[in-house]
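Listed below are the residues making up each chain.
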Amino acid sequence: MSTLLVLNGPNLNMLGKRQPEVYGHESLADVEALCRQTANQFDVEIEFQQTNHEGQMIDWIHQARGRVNGIVINPGAWTHTSVAIHDALIAAEVPVIEVHISNVHRRETFRHQSYVSLVAKAVLAGFGTHGYQLAIQHFAFLDTPRTSQ
Ligand code: DQA
């Protein structure tokens, strides 16, 4: 059974209350439930975390090394600012899928730059919370034996 770490950065604890016209009405607890339901379908185990503290996020990323099969991360605003999270993701040597609820590319120009995309296997933006589900499904797909790639 594979294990995925689902990480959420700053302000995502406010999901459902914060700018619902941008991020929708679902809470982070709803997103966690969706992730767990999806993981169960594929016999994948998930660990789901959120923090507003960059050092905590970096510690979780380091602890993923050699322990989990993939990281699904919505880094929130750290996407656009954090070289430290970029470096931590490289150090972890775990495949990363970057998820954004909103389509960051049709928003302010400061959201068009991502330090995380430079180290991510794939990026999902604008799918709403479904992006988390798609990321988990993709890791499960990679884990499924196939006759051809
Ligand atoms: C976000 C997009 C970021 O630009 C923003 O700072 C967030 C959420 C998203 O999920 O769309 O906090 O990562």
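Residues numbered from 1 in each chain as written. Predicted model: local features only at pLDDT ≥ 70, side-chain atom pairs only at ≥ 80, totals over all residues. Heavy atoms only, no water.

(A) Examining the site of the ligand more closely. Around the ligand, the structure places Arg18, Tyr23, Asn74, Gly76, Ala77, His80, His100, Ile101, Ser102, Val104 and Arg111. Contact between the ligand and Arg18: an oxygen atom at 2.9 Å from a side-chain N or O atom of the residue. One of the backbone nitrogen or oxygen atoms of Ala77 is found 3.2 Å away from an oxygen atom of the ligand. Contact with the protein chains hides 99% of the accessible area of the ligand, taken as 330 Å² for the molecule alone. (Near = heavy atom within 4 Å. Polar contact = N/O pair within 3.5 Å; in protein donor to acceptor, adjacent residues only side chain to side chain. Areas by Shrake-Rupley, 256 points an atom, 1.4 Å probe, with all protein chains shown as cover.)

(B) Structural context of unusual backbone geometry. The backbone of Asn11 shows a phi angle near 75°, a positive value even though the residue is not glycine. With respect to the helices and strands, the residue Asn11 is situated in the loop between β1 (3-8) and α1 (20-23). Phi angles above zero are rare outside glycine, and Asp43 is one such case at about 60°. Along the chain, Asp43 turns up in the loop between α2 (28-41) and β2 (45-50). (Helix = DSSP H or I, 4+ residues; strand = E, 2+ residues; numbered from the N terminus.)

(C) Focus on the sheet that holds strand β4 (residues 96-100). Pairing is parallel in the open sheet, where 5 strands are placed in the order β2-β1-β3-β4-β5. One side of each edge strand has no neighbouring strand; the edge strands of this open sheet are β2 and β5 (122-125). Averaged over all pairs of adjacent strands, the angle between their axes in this sheet comes to 15°, without regard to strand direction. Note: β1 against β2, 6 bridges, orientation parallel. Along β2, the bridge assignment pairs Val6 with Phe48. Each of β1 and β2 is contacted by α2, which is oriented at about 165° to β2, the strand it contacts most. (Pairing = 2+ DSSP bridges. Axes fitted to C-alpha atoms, helices over the stretch in contact; angles between N-to-C directions. Contact = heavy atoms within 4.5 Å.)

(D) Spotlight on the packing of α2 against helix α5 (residues 130-143). Where α2 contacts α5, the two axes come as close as 9 Å, and the packing angle between them is 25°. Here α2 is positioned roughly parallel relative to α5, judged by the angle of their axes. By crossing handedness, the relation of α2 to α5 is classed as right-handed. Contacts between α2 and α5 pair Val31, Leu34, Cys35, Thr38 and Ala39 from the former with Tyr132, Gln133, Ile136 and Gln137 from the latter. (Parallel < 35°, antiparallel > 145°, perpendicular 65-115°, else oblique. Left-handed = near helix turned anticlockwise from the far one by under 90°.)

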